[in-house]
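Examining the three-dimensional arrangement
Residues per chain are reported as follows:
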Amino acid sequence: MKEKVIAIFDVGKTNKKLLLFDCNLRLVSEEETRFPEVTDDDGFECDNIDLIEDWIMESIKDLIRSDLYDLTALNFATYGATIVYLDAEGKRIGPVYNYLKPIDERIPERIYRRYGGQDEFCRRTASPALGMLNSGMQILWLKSEKPEVYSRVKYILHFPQYLSYLITGKICSEHTSIGCHTALWDFDSMKYHSWVSDQGLDLPEPIPVTTLNEVLIEGKKISVGIGIHDSSASLAPYFTGNRGNFLLASTGTWCINMNPFNPEKLTAEQLDRDCLCYMSITREPVKSSRLFIGKMHDNGVAMLNSHFRTSDDFYLNVNFDQDLINMLAKRYIGDKRAFFSSGPESREFRDRIDLYDFKSFDEAYHQLMSELTTLAAESIRLVLPEKSETGNLYVTGGFSKNKIFVKLLAGMFPGMRVFTSEIKNATALGAALVVYKSLCDSVPEPNLGLTEYLS
């Protein structure tokens, strides 16, 4: 007998995955692929959308014909800040432009000036000024720089909804894609910002991310989700069960801190300090901050390896030493630091770092991690409300495996329970969850792989 499965296409910038979950939301199959990038009509690198489209269509057909699996539903999770344009016949126009593509700064500046200046506009849309990473500015860029192409545009979709459209033919939008630093959404009024209609943009009104459309493919009925932004998808598993208020610190190259329980509006000061808002699956703002912690860690470790003549992975064998932490705390009192410039907003390495202050790699690495953890804690506090009732702090990703980081972080938040959480493919699981909620009355609680760390 075939096993009923939900298929999730998890489309990242580098890796594209097809994952299958069973009726208990257990992962039963995972396939990963990469596609070589191509260049757009200006010669800038972008995803090969033709290969992605072919891969999705062929994968679905293979699943329908499978002797092992009974495909019942599918959904899509993709990176954000990416727009796809369709003509009046519903055919894609042009490539899928890369959000790293440069933009003439005069294009967003015209919008900023008209709607209260950059600070107010960015505060209201919860979107730091990030050029093409503000997907709304991609639309203005096309309108300004390629008017002949723009004149053919009938429909405008974010990337997750475009992939769903390939299967369902439905034009739609949803809150998680609109709410990720797009500069399209007014978080004060919780609707499209007035510039959207003022510019004559006819964007689809968002509908619940749990919406399903039933389609018939090769004689088989399949329920298809409308897609979800990957950051919001990775947060979705933590809404299951009765967990109370929580904050998720997703670590890796970046440490992205997401707080779905902070009702305070984003301030201009928080925007200046790299904060923004996402939108949760419950259509609520998710106040977020970020720190380039992975790159900072790698640069610091490279300095230590060069000085102490150690291997690249030597730091992996360094165990947490509380006595070493206590000794270093007496040496570096207050805001005195060995690696980073002093000051609560400083995230830059000092111009001159004297590693001869340290007797060993272990000693230097403990100080590096102490300073990095302090910076991470400062970033987390940016998204905690003034009267915080946040009970749990979940740490996921690469730094959840770094015992020194997690132990130090737990000590910096004594009023919270600090857990590491190991969920493989959390983004895909979140995308499966929002589909599952529409298919069944009760949703099984996923295993979040929680381990509590005490200060």
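The coordinates are above.
Owing to the predicted nature of the structure, the values given are computational and were not obtained by experimental measurement.

What the seven strands build is an open sheet, ordered S17-S18-S16-S15-S19-S20-S21; its pairing is mixed. The outermost strands of the open sheet, each flanked by one partner alone, are strand S17 (275-279) and strand S21 (450-453). If you compare each strand with its neighbour and ignore which way they point, the axes differ by 25 degrees on average. Sheet analysis places strand S19 (residues 392-397) next to strand S20 (residues 417-421), joined by four bridges and oriented parallel. The residue of S20 that forms the bridge with Val 395 is Thr 420.

A few words now on the packing of helix H13 (residues 361-381) against helix H14 (residues 403-412). The geometry of H13 relative to H14 is characterised by a closest axis approach of 9 Å and an angle of 50 degrees between their N-to-C directions. When the axis of H13 is compared with that of H14, the two are oblique. Between H13 and H14 lies a crossing of right-handed hand. Here Tyr 365, His 366, Met 369, Ser 370, Thr 373, Thr 374, Ala 376, Ala 377, Ile 380 and Arg 381 of H13 come into contact with H14, specifically with Ile 404, Phe 405, Leu 408, Leu 409 and Met 412. When its residues are assigned to classes, the contact of H13 with H14 shows 10 nonpolar, four polar and one charged.

The subject of this paragraph is the sheet that holds strand S9 (residues 155-158). If you walk across this open sheet you meet the three strands as S8-S7-S9, and the pairing is antiparallel. This sheet does not close on itself; its edge strands, each paired only once, are strand S8 (92-93) and S9. When strand S7 (residues 83-86) meets S9, the two strands line up antiparallel, connected through four bridges. Pairing of Leu 86 across the sheet is with Tyr 155, part of S9. Along the sheet face, helix H4 (residues 135-145) touches S7 and S9 and points at about 40 degrees away from the line of S7.

Moving on to the packing of aromatic side chains. A full pass over the atoms with the stated rule returns 25 aromatic pairs. Relative to Trp 141, the ring of Tyr 97 has its centre 4.9 Å away and its plane inclined at 75 degrees; by these criteria the two rings are edge-to-face. Taken as a pair, Tyr 97 in the loop between S8 and helix H2 (106-114) and Trp 141 in helix H4 lie far apart in primary sequence, 44 residues in all. The residue whose ring lies beneath Arg 290 is Trp 254, and the NZ or CZ to ring-centre distance is 4.3 Å. Here the basic side chain of Arg 381 rests over the ring of Phe 413, its NZ or CZ set 4.9 Å away from the ring centre.

Scanning all chains against the criterion turns up 25 salt bridges. We note a salt bridge from Arg 92 to Glu 53, for which the minimum N-O separation is 2.9 Å. One end of the pair, Arg 92, is in strand S8; the other, Glu 53, is in helix H1 (residues 49-64), and 39 residues separate them in sequence. Arg 92 gets classed as partly exposed once you look at its relative accessible area, which sits at 23%. Residues joined by salt bridges that share partners form a network here, namely Glu 120, Arg 123, Arg 124, Asp 186, Asp 188 and Lys 265.

With that settled, consider the packing of helix H12 (residues 322-331) against H13. H13 packs onto H12 with a crossing angle of 65 degrees between their chain directions and a minimal axis gap of 10 Å. As judged from the angle between their axes, H12 and H13 are roughly perpendicular. Seen along the crossing, H12 lies across H13 with a hand that is right-handed. Residues Leu 324, Ile 325, Met 327, Leu 328 and Arg 331 of H12 pack against Asp 362, Glu 363, His 366 and Gln 367 of H13. Residues that form the contact of H12 with H13 fall into these classes: four nonpolar, two polar and three charged.

Once that is clear, we can look at H13. Here H13 contains 21 residues, and its C-alpha end-to-end distance of 30 Å stays within 8% of the 30 Å for a straight helix at 1.5 Å per residue. The buried fraction of H13 is high, at 17 of 21 residues.

The next thing to look at is the environment of Met 57. Checked against the element boundaries, Met 57 lands in helix H1. The partly exposed category is assigned to Met 57, whose relative accessible area is 32%. Note: C-alpha distance between Met 57 and Leu 166 (109 residues apart in sequence) is 8.4 Å. Those residues within four positions of Met 57 in sequence are excluded, and the remaining contacts are Leu 166 and Ile 167.

With that settled, consider the nonpolar core. With 82 residues, the main nonpolar core has Trp 195, Phe 339, Tyr 365, Leu 393 and Phe 405 as its most contacted residues. Ranked by the residues each element gives to this core, the list is headed by H13, at 10 residues. Setting aside residues up to four positions removed in sequence, Phe 339 forms contacts with Leu 304, Glu 348, Phe 349, Arg 350, Ile 353, Leu 355, Phe 358, Ala 364, Gln 367, Leu 368 and Glu 371. In this structure, Tyr 278, Ile 281, Tyr 394 and Phe 419 belong to the second largest nonpolar core, which totals 35 residues.

Attention shifts here to the pairing of strand S15 (residues 246-251). Most of S15 is tucked away, with five of its six residues classed as buried. Two elements, S15 and S19, share six bridges in a ladder whose sense is parallel. What sits directly across from Ala 249, in S19, is Val 395. Note that S15 and strand S16 (residues 255-259) share three bridges and pair antiparallel. What sits directly across from Ala 249, in S16, is Asn 257. Linking S15 back to S16 in an antiparallel pair, the connection comprises three residues.

It is worth spelling out the environment of Gly 397 at this point. Relative to the helices and strands, Gly 397 resides in strand S19. Remark: the alpha-carbon pair of Gly 397 and Gly 252, spanning 145 residues in sequence, is separated by 5.7 Å.

With that settled, the discussion passes to a negative patch on the surface. A cluster of acidic residues, Glu 31, Asp 54, Glu 58 and Asp 62, forms a negative patch at the surface. Looking at which element gives the most residues to the negative patch, the answer is H1, with three residues. Classification of Asp 62 as partly exposed rests on a relative accessible area of 47%.

Definitions and cut-offs
- Residues numbered from 1 in each chain as written.
- Predicted model: local features only at pLDDT ≥ 70, side-chain atom pairs only at ≥ 80, totals over all residues.
- Heavy atoms only, no water.
- Pairing = 2+ DSSP bridges.
- Helix = DSSP H or I, 4+ residues; strand = E, 2+ residues; numbered from the N terminus.
- Axes fitted to C-alpha atoms, helices over the stretch in contact; angles between N-to-C directions.
- Parallel < 35°, antiparallel > 145°, perpendicular 65-115°, else oblique.
- Left-handed = near helix turned anticlockwise from the far one by under 90°.
- Contact = heavy atoms within 4.5 Å.
- Nonpolar A, V, L, I, M, F, W, Y, C, P; charged D, E, K, R; others polar.
- Phe/Tyr/Trp six-rings, centres within 6.5 Å; stacked < 30°, edge-to-face > 60°.
- Lys NZ or Arg CZ within 6 Å of the ring centre and 35° of its normal.
- Salt bridge = Lys/Arg side-chain N within 4 Å of Asp/Glu carboxyl O.
- Buried < 20%, exposed > 50% of the residue type's maximum accessible area, 1.4 Å probe, protein only.
- Expected span 1.5 Å × (residues − 1).
- Core = buried A, V, L, I, M, F, W, Y, C linked by side-chain atoms within 4.5 Å.
- Patch = residues over 30% accessible without salt bridge, like charges linked within 9 Å, V, L, I, M, F, W, Y side chains within 5 Å.
- Areas by Shrake-Rupley, 256 points an atom, 1.4 Å probe, with all protein chains shown as cover.
- Lys, Arg positive; Asp, Glu negative; His and termini not counted.
- Charge placed at Lys NZ, Arg CZ, Asp CG, Glu CD.

The quantities given are spatial measurements derived from coordinates; they are silent on function.
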